[in-house]
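# Observations on chain architecture
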Amino acid sequence: MSAIDALLATARSGLDRAEPERALRLQRDGALIVDIRPYVNRAEEGEIPGSVVVERIHLEWRLAPDSAWRLPEVKPDSTVIVVCNEGYSSSLAAADLQRLGLPGATDLEGGFRAWRSAGLPIREGGTPAVP
């Protein structure tokens, strides 16, 4: 197993990953969906309605419960679902968020592309990221 495969397996071992339909139910119950995909992907493929766009480089500062720069809606007991293109970098990001004190962080299994393939709602993309 390569080092990145081992890192990914370790990250996922602590996540309760959400498949698309479950992620939609969690969102309807108050979970925050955070889209970390690059602008070009969001502009071309669309976005999940109600999601918040946070660039990967800012993710920990915007979601760590004790960060002075966190999003106001993020609390230590928040459920946060991180979304990338296919569900790889989102697993690593969600594990980072758990280590920072957000135990309800997880990711979308299969990423945005699985959401789209499941026929779930999509809005036009290109929303600016949270500064």
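Predicted, not measured: the structure shown is a model, and the values here were computed from it.

### Notes on the overall build of the protein
Along the protein, the regular secondary structure elements total six helices and four strands. N-terminal to C-terminal, the α/β element order of the protein is α-α-β-α-β-α-β-α-β-α. For 131 residues, the compact-globule formula gives about 14 Å, and the C-alpha radius of gyration of the protein, at 14 Å, lands near that figure. Here the C-alpha coordinates of the protein stretch approximately 40 × 30 × 25 Å along the principal axes. A buried classification covers 44% of the 131 residues belonging to the protein. Counting only contacts in the protein whose residues sit at least 6 apart along the sequence, the fraction spanning at least 24 positions is 71%. As presented, the protein carries roughly 6600 Å² of accessible surface, and 56% of it is formed by carbon and sulfur atoms. Averaging the locations of the 15 positively and 19 negatively charged side chains of the protein gives two centres separated by 2 Å.

### Quick word on the pattern of salt bridges
Here the idea is simple: oppositely charged side chains can pair when their charged atoms come close. In the structure shown here, the tally under the stated rule is 11 salt bridges. Where salt bridges share partners, they join E45, E86, R113 and R116 into one cluster.

### A short note on the packing of helix 1 (residues 3-13) against helix 5 (residues 89-99)
The contact between helix 1 and helix 5 brings their axes to 9 Å, and the two run at 55°. Overall, the two elements helix 1 and helix 5 adopt an arrangement that is oblique. Considering the relative orientation of helix 1 and helix 5, their crossing is left-handed. Along the contact surface, helix 1 presents I4, L7, L8, A11 and R12, while helix 5 presents S91, L92 and A95. A class-by-class count of the residues in the contact of helix 1 with helix 5 yields six nonpolar, one polar and one charged.

### Topic: the sheet that holds strand 2 (residues 52-53)
Read from one edge of the open sheet, four strands run 2-1-3-4, paired in parallel fashion. Single-partner strands in this sheet number two, and they are strand 2 and strand 4 (105-107). Taken together, the three bridges between strand 3 (residues 80-83) and strand 4 define a ladder with parallel strand orientation. Within the sheet, the bridge partner assigned to I81 lies in strand 4 and is T106. The strands touched by helix 5 are strand 3 and strand 4; relative to strand 4, the strand with the most contacts, the crossing angle is about 175°.

### Let's talk about the packing of aromatic side chains
Under the definition given, this model contains zero aromatic pairs. Residue placement shows R37 over the ring face of F112; its charged tip is 3.9 Å from the ring centre.

### Some thoughts on the environment of E45
Residue placement: E45 occurs in helix 3 (residues 39-45). In the structure, E45 is positioned 67 residues away from F112 in sequence and 8.8 Å away in space, judged by C-alpha atoms. Filtering out sequence-adjacent residues up to four positions away, E45 remains in contact with R37, N85, F112, R113, R116 and I122. Among the polar contacts listed, one links the side chain of E45 to the side chain of R113, at a separation of 2.7 Å. Looking at E45, its side chain comes within polar contact range of the side chain of R116, at 3.0 Å.

What counts and what doesn't
Residues numbered from 1 in each chain as written. Predicted model: local features only at pLDDT ≥ 70, side-chain atom pairs only at ≥ 80, totals over all residues. Heavy atoms only, no water. Helix = DSSP H or I, 4+ residues; strand = E, 2+ residues; numbered from the N terminus. Rg over C-alpha atoms; globule rule 2.2 N^0.38 Å. Buried < 20%, exposed > 50% of the residue type's maximum accessible area, 1.4 Å probe, protein only. Contact = heavy atoms within 4.5 Å. Areas by Shrake-Rupley, 256 points an atom, 1.4 Å probe, with all protein chains shown as cover. Lys, Arg positive; Asp, Glu negative; His and termini not counted. Charge placed at Lys NZ, Arg CZ, Asp CG, Glu CD. Salt bridge = Lys/Arg side-chain N within 4 Å of Asp/Glu carboxyl O. Axes fitted to C-alpha atoms, helices over the stretch in contact; angles between N-to-C directions. Parallel < 35°, antiparallel > 145°, perpendicular 65-115°, else oblique. Left-handed = near helix turned anticlockwise from the far one by under 90°. Nonpolar A, V, L, I, M, F, W, Y, C, P; charged D, E, K, R; others polar. Pairing = 2+ DSSP bridges. Phe/Tyr/Trp six-rings, centres within 6.5 Å; stacked < 30°, edge-to-face > 60°. Lys NZ or Arg CZ within 6 Å of the ring centre and 35° of its normal. Polar contact = N/O pair within 3.5 Å; in protein donor to acceptor, adjacent residues only side chain to side chain.

Everything listed here is a matter of geometry and, on its own, says nothing about what the molecule does.
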